[in-house]
Amino acid sequence: MGDLLLVRHGETPWALSGQHTSWTDIPLTDNGRAQARSLAPLVGTYRIGAAFTSPRARARETAELAGFGNALVDPDLSEWEYGAYEGLTTLEIHRTDPDWYLFTDGVAPGPPDHPGESPEQVGERADRMLAKIDAALANNEGSVVVFAHSHFLRVLTARRLGLPVSGGSMFLLATGTVSRLSTEHGRPVVAGWNLRPQPAA
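Note that the coordinates shown come from a computational prediction; the quantities given were computed from them, not determined experimentally. (Residues numbered from 1 in each chain as written. Predicted model: local features only at pLDDT ≥ 70, side-chain atom pairs only at ≥ 80, totals over all residues. Heavy atoms only, no water.)

(A) Local environment of helix α2 (residues 30–43). For α2, built from 14 residues, the straight-helix expectation of 20 Å at 1.5 Å per residue is met to within 8% by its first-to-last C-alpha distance of 20 Å. Where α2 is concerned, the buried positions are G32, Q35, A36, L39, L42 and V43. Looking straight down α2, one finds its buried side chains confined to an arc of 105°; they lie on one side. Opposite the buried face of α2, by more than 90 degrees, sit the exposed residues D30 and P41. Each element contacted by the buried residues of α2 is listed here: β1 (4–8), β2 (48–53), α3 (57–65), β4 (143–148), β5 (177–184) and β6 (187–195). (Helix = DSSP H or I, 4+ residues; strand = E, 2+ residues; numbered from the N terminus. Expected span 1.5 Å × (residues − 1). Buried < 20%, exposed > 50% of the residue type's maximum accessible area, 1.4 Å probe, protein only. Arc of directions from axis to C-beta. Contact = heavy atoms within 4.5 Å.)

(B) Up close: the layout of surface pockets. Counted as a void, the largest pocket has a volume near 410 Å³. Lining of the largest pocket is provided by 24 residues; of these, R8, H20, Y82, S150 and H151 occupy positions nearest its centre. At three residues, the largest contribution of residues to the lining of the largest pocket is made by helix α7 (residues 150–160). Tallied by class, the residues present in the lining of the largest pocket amount to nine nonpolar, 11 polar and four charged. (1 Å grid on protein atoms, 1.4 Å probe; cavity = no way out; pocket = protein on both sides within 12 Å on 5 of 7 lines; lining within 4 Å. Points joined across faces, edges and corners; volume = space filled by probe spheres on them. Nonpolar A, V, L, I, M, F, W, Y, C, P; charged D, E, K, R; others polar.)

(C) Molecular detail of the side chain of H20. Looking at the secondary structure, you find H20 in the loop between α1 (13–17) and α2. Among the residues examined, H20 registers a relative accessible area of 6% and is labelled buried. Within the structure, the side chain of H20 is placed 2.7 Å from the backbone oxygen of L88, a separation counted as a polar contact. Excluding anything up to four places from it in sequence, H20 contacts W14, Y82, Y85, E86, G87, L88, T89, T90, I93, W100 and H151. (Polar contact = N/O pair within 3.5 Å; in protein donor to acceptor, adjacent residues only side chain to side chain.)

(D) Just the packing of α2 against α3, in detail. Relative to each other, α2 and α3 sit at 40°, their axes nearing to 7 Å. Taken together, the axes of α2 and α3 lie oblique to each other. Where α2 crosses over α3, the handedness of that crossing is right-handed. Residue-level contacts link R33, A36, R37 and A40 of α2 to E61, T62 and L65 of α3. Class assignment for the residues of the contact of α2 with α3 results in three nonpolar, one polar and three charged. (Axes fitted to C-alpha atoms, helices over the stretch in contact; angles between N-to-C directions. Parallel < 35°, antiparallel > 145°, perpendicular 65-115°, else oblique. Left-handed = near helix turned anticlockwise from the far one by under 90°.)

(E) How the structure looks around the pattern of salt bridges. Throughout the structure, instances matching the rule amount to 10 salt bridges. A salt bridge links K132 to D74; its shortest N-O distance comes to 2.9 Å. Of this pair, K132 sits in helix α6 (residues 119–137) while D74 sits in the loop between β3 (72–73) and α4 (90–96), and the two are 58 residues apart along the sequence. Assessed through its relative accessible area of 29%, K132 is described here as partly exposed. (Salt bridge = Lys/Arg side-chain N within 4 Å of Asp/Glu carboxyl O.)

Written out as structure tokens, the structure is:
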């Protein structure tokens with residue numbers, strides 16, 4: 001059975017400023033596009049049997065620039081919906097809630113069309129996505145690559161490893177990187193994290 005490759009989208013202006021970005025469709029920066037292009041040869045070292053992407057433009061563009069323009073769009077790969085915290089930085093949130101921590105507390109309710117998600121809801125979504133990934137891996141056609149977002153991919157990793165949603169806090173994820181989840185003796189393991197192509201000698 002192949003590996004699971006996790007690609008966090010390339011850099012965006014809000015990623016640089018630390019603003020929480022879920023449904024807001026912030027485009028990649030020029031550097032973010034360069035990051036995405038640079039991932040093509042790295043992901044290309046694996047035999048990919050299936051590719052999935054979040055519906056957000058920053059993830060879809062990353063997939064396209066990395067050579068996976070035909071990746072299947074799946075809403076379950078969307079970023080943790082931040083509700084009232086959309087567009088805010090952690091520093092701004094801590095001014096009114098000094099002890100707030102996303103992975104345990106979730107978010108403050110937002111507008112009716114974007115109410116936000118609890119940790120439990122994001123965990124359920126990650127589990128649904130993992131079931132689809134496992135179905136693709138069961139075809140034995142190679143590894144699976146997903147293009148998505150920092151906090152959701154951290155939760156996905158935690159759930160893959162049998163950890164609670166709060167375990168996602170341990171997996172810091174940089175923009176424009178590939179991380180690899182594999183198995184050892186039949187158990188899931190982290191085989192590579194925040195990987196970028198090595199510069200030419």
